[in-house]
Amino acid sequence: MNKISIIKKVQLGKNSFSAENLYSKLNFSFYCVNGGIKHEVILSFESSFPLNDLIKNEQITTDILAKHQISKLENLNNTERNFLYRYQFFQPKECNKCYMIIFDIDEYREYWGYYIYGVLEIE
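In this report, we go over the structure that sits alongside the text. (Residues numbered from 1 in each chain as written. Predicted model: local features only at pLDDT ≥ 70, side-chain atom pairs only at ≥ 80, totals over all residues. Heavy atoms only, no water.)

This paragraph deals with the overall build of the protein chain. Within the protein chain one finds three helices and eight strands. Helices and strands appear in the protein chain in the N-to-C order β-β-β-β-β-α-α-α-β-β-β. Taken along its principal axes, the extent of the C-alpha atoms in the protein chain is 40 × 30 × 25 Å. Looking at the protein chain residue by residue over its 123 residues, the buried ones come to 42%. Contacts spanning at least 24 positions in sequence make up 54% of the contacts within the protein chain whose residues lie at least 6 apart. Taken as a whole, the protein chain presents about 7800 Å² of accessible surface, with 46% of it coming from carbon and sulfur. Each charge class in the protein chain can be summarised by its mean position, and for the 14 positive and 15 negative side chains these summaries are 6 Å apart. (Helix = DSSP H or I, 4+ residues; strand = E, 2+ residues; numbered from the N terminus. Buried < 20%, exposed > 50% of the residue type's maximum accessible area, 1.4 Å probe, protein only. Contact = heavy atoms within 4.5 Å. Areas by Shrake-Rupley, 256 points an atom, 1.4 Å probe, with all protein chains shown as cover. Lys, Arg positive; Asp, Glu negative; His and termini not counted. Charge placed at Lys NZ, Arg CZ, Asp CG, Glu CD.)

What follows covers the environment of Phe17. Mapping Phe17 onto the fold places it in strand 2 (residues 16–19). Separated by 94 residues in the primary sequence, Phe17 and Tyr111 have C-alpha atoms spaced 11 Å apart. The contacts of Phe17, once residues within four sequence positions are left out, are Leu26, Phe28, Gly113, Tyr114 and Ile116.

Under the definition given, this model contains ten aromatic pairs. Measuring from ring centre to ring centre gives 5.8 Å for Phe49 and Tyr87, while their planes differ by 40°; the resulting arrangement is tilted. Highlighted residues: Phe49 in strand 5 (residues 49–50) and Tyr87 in strand 6 (residues 86–90), separated in sequence by 38 residues. On the basis of relative accessibility, which here comes to 8%, the residue Tyr87 falls in the buried class. Here a set of aromatic residues connected by ring pairs shows up, and it is made of Phe17, Phe28, Phe30, Phe90 and Tyr99. When the ring centre of Phe45 is taken as origin, the NZ or CZ atom of Arg86, which lies over that ring, is 4.2 Å away. (Phe/Tyr/Trp six-rings, centres within 6.5 Å; stacked < 30°, edge-to-face > 60°. Lys NZ or Arg CZ within 6 Å of the ring centre and 35° of its normal.)

Let us look at the nonpolar core. In terms of nonpolar packing, the biggest core is built from 18 residues, with Phe28, Phe30, Leu43, Ile101, Tyr114, Ile116 and Val119 touching the most fellow members. Elements that contribute at least two residues to this core include exactly strand 2, strand 3 (26–31), strand 4 (38–43), strand 7 (98–108) and strand 8 (111–122). The greatest single-element share of this core, amounting to four residues, is contributed by strand 7. Excluding its chain neighbours within four sequence positions, the residues that come into contact with Leu43 are Ser24, Lys25, Leu26, Phe28, Gln88, Ile101, Phe103, Tyr114 and Ile116. Among the nonpolar cores identified, the runner-up in size contains 15 residues, and Ile70, Tyr85, Leu120 and Ile122 belong to it. (Core = buried A, V, L, I, M, F, W, Y, C linked by side-chain atoms within 4.5 Å.)

On to the environment of Leu120. Along the chain, the position of Leu120 falls in strand 8. Accessibility expressed as a relative area gives 0% for Leu120, which makes it buried. Taking the C-alpha atoms as reference points, Leu120 and Val33, 87 residues apart in sequence, are found 9.6 Å from one another. Those residues in contact with Leu120, other than ones at most four positions away along the chain, are Ile6, Lys8, Lys9, Leu65, His68, Ile70, Cys98, Tyr99, Met100 and Ile102.

What follows is the structure in structure tokens.
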């Protein structure tokens, strides 16, 4: 498998959203790094994958993710937390860019929510 090369992290206005349950879908939007085009993507548990799979396959490292401020290195390396991080690739039709969205869907005191750790432009 190919290594993932990060170009830059996209700035987000909001990074936490409520959800009904683990299988809820989130209509998430962000603006393109170049050109300000608004992109919309549906995030879900079912269409995403554990970030730990990419790390185990050496496609990306926790050091690189920490450098791009996805989370603190100690959190990314913590085996009790690595199940939280999920990723989904997105390639919008409006431009030639590819994005990796890193997020989690978590329950806290009977309330579910999405947390977006970052949207990374990748090649």
